[in-house]
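These are the residues of each chain, in order.
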Amino acid sequence: MTLVEVSDFQVTLDRGGRAIVDEVGFTMEAGEIVALVGESGSGKTTIGTALLGFFRSGASPASGRIVVDGQDVLAMDVAELRAARGSLISYVPQDPTTALNPALRVGEQVLEVLAAHRTDGSRAEWREEVRAIFAEVQLPSTDEFLQRFPHQLSGGQQQRVCIAASLVARPRLIVFDEPTTGLDVTTQAYVLDVVRSVCSRHDIAALYITHDLAVVAAIADRVMVAYSGHLVETGRAAELFAAPREEYTRELLEAIPDLDRPRPSAAGAVAAVDGAAPAAPVLAVKDLTARYGRKTALHGVELSVRPGHCLAVVGESGSGKTTLGRCIIGLMDSYDGAVELAGETLPRSVRRRTRRQHQELQYVFQNPYASLNPRQTIGHSLAVPLKGLGGVGGAALDSQIGDALEKVRLPRSVMHQYPGELSGGERQRVAIARALASGPKVLVCDEITSALDVSVQASIVDLLHELQVQEQLALLFVTHNLALTRWIADEVMVMRSGRVVESGPCDQVLTQPTDAYTQRLLDSTPRLAAVAG
């Protein structure tokens, strides 16, 4: 049964009238999972949120129809839309940490949805429904768990709370907007299993918006490819992955990191570095043990990175990856052991380090929504390291800001915009540009590509390879994406519960793991061969 019908849909900007989504049309069946993929700025989120009758500030629907279960969404007034959101159409956001109210217990947040849409039943009955929906998304349904606050849950648990909230009023359509971005591979597999099971069990249609085509291969029945506001290709997932018709789709598929397909450009970059005489490590961590109060988060971690090389640090959420990066950069000083930069032991606190040490060791944070000042222009954010660490000023400042933006495939005009005017992928590229602006010797990257679409991710990987070869940049690449690890890293270090369980050359660890935990991570990683073959 056709549940969703979108026809001749167009969205335009209020100023200038430019179409940002044009001539979009598709249908969805009950129980079907349809993936919507494309690069940042392709119109994916605009199309997805339009199904809820929502349009960002400065954009409006210009033509077309959106019909969900016989109801025309674009014809609804404000009261009708409020009633439809949650009961007819639901939404699961990309970042559960910003979607959940930090001051409200998670059980109460899901119960609020029932209170908004139900006129029958008591709160006691609704609470039992909340328990049932928590169990359905594979969360504990005990009083203790329902009384927890969001910060007391893991990232995967937070995302499943969002799924529970979207599901509890039994909608006919759910829009999933990048729901597994930032999750480790085992948690991602868990969430994807929940999405599949709830859609099948309740005959719910799902629009799954993502830039991760490997995830699409694991979950979608059909795939729609968006480019510049248009749907350029639509088809069954297996057929599209095996034989894409459009050149743009082929380019997206070729840019996907895959465990079964090493990146050709990586070999040349590594060979160029390895051909020289082995250099002394530019970054070394020795017997590092870190604590949060009485809890030990890292246990005697040791690593070293030579100039021009990349060490990838992988593991599940809570394995200690980010804590390790924060100790190295000086944002966490409650540790024993040493962090050395070019043989020099660094002060533990970032505040006690010299300007030169700041310039040579830079950090890119995972969340670009939190790492950029929303009240300052992009140019101002990039000017801070250039003026403070490089002493750049005057006319040269704007020139170098523009050069830094172009390095990460952003136009110079972006320097005049604010973070709120950029997509998530564009914001992350700005964060990378800011870290590279001071010309560091070591770059610590904390999940920096998790918010990027595959083609931009590939361009960032290519850029980092180029810097490795030309400027001998050393990379400590923290990630949960094992397929990407094979594309960028020379060596891999696998962490679990604050300990290093395995390390060695990248190909050896990923193809011949010696630890069962590493094998489990590899088994949980989506592979294109699963659908294309």
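In this text the structure is predicted, and so the values were computed from the model without any measurement.

Chemist: Go over the pattern of salt bridges with me, naming the residues and quoting the values.
Modeler: Scanning the entire structure with this criterion turns up 23 salt bridges. In this structure, Arg291 and Asp336 form a salt bridge, with 3.0 Å as the shortest nitrogen-oxygen distance. Taken together, the residues Arg291 in strand S11 (residues 283-292) and Asp336 in strand S14 (residues 335-341) connect sequence positions 45 residues apart. On the basis of relative accessibility, which here comes to 33%, the residue Arg291 falls in the partly exposed class. Linked through salt bridges whose partners overlap, the residues forming this network are Glu344, Arg356, Glu360 and Lys441.

Chemist: Could you give an account of unusual backbone geometry, with specific residues and numbers?
Modeler: For Arg170, which is not glycine, the phi dihedral falls at a positive 55°. Overall, Arg170 belongs to the partly exposed group, its relative accessible area being 39%. Here the phi dihedral of Ala342 falls at roughly 55°; this positive angle occurs in a residue that is not glycine. Mapped onto the elements, Ala342 comes out in the loop between S14 and strand S15 (344-345).

Chemist: Tell me what's going on with the nonpolar core, and back it up with residues and numbers.
Modeler: Formed by 57 residues in total, the largest nonpolar core has its most connected members in Phe134 and Val223. When residues no more than four places from it in sequence are discounted, the contact partners of Phe134 are Val106, Gly107, Val110, Leu139, Pro140, Ser141, Phe145, Leu146, Val161 and Ala164. The next biggest cluster of nonpolar side chains, apart from the first, holds 55 residues, and it includes Ala312, Leu382, Val430 and Leu475.

Chemist: A description of the packing of helix H8 (residues 185-202) against helix H22 (residues 516-524) should follow, citing residues and the corresponding values.
Modeler: For the pair H8 and H22, the least separation of the axes is 8 Å and the interaxial angle reads 40°. With respect to their mutual orientation, H8 and H22 come out oblique. Note that H8 runs across H22; the crossing there is left-handed. Across the interface between the two elements, Val185, Thr186 and Ala189 from H8 touch Arg520, Leu521 and Ser524 from H22. Grouping the amino acids of the contact of H8 with H22 by side-chain chemistry returns three nonpolar, two polar and one charged.

The rules behind these values
Residues numbered from 1 in each chain as written. Predicted model: local features only at pLDDT ≥ 70, side-chain atom pairs only at ≥ 80, totals over all residues. Heavy atoms only, no water. Salt bridge = Lys/Arg side-chain N within 4 Å of Asp/Glu carboxyl O. Helix = DSSP H or I, 4+ residues; strand = E, 2+ residues; numbered from the N terminus. Buried < 20%, exposed > 50% of the residue type's maximum accessible area, 1.4 Å probe, protein only. Core = buried A, V, L, I, M, F, W, Y, C linked by side-chain atoms within 4.5 Å. Contact = heavy atoms within 4.5 Å. Axes fitted to C-alpha atoms, helices over the stretch in contact; angles between N-to-C directions. Parallel < 35°, antiparallel > 145°, perpendicular 65-115°, else oblique. Left-handed = near helix turned anticlockwise from the far one by under 90°. Nonpolar A, V, L, I, M, F, W, Y, C, P; charged D, E, K, R; others polar.

This is a description of form; function is not addressed.
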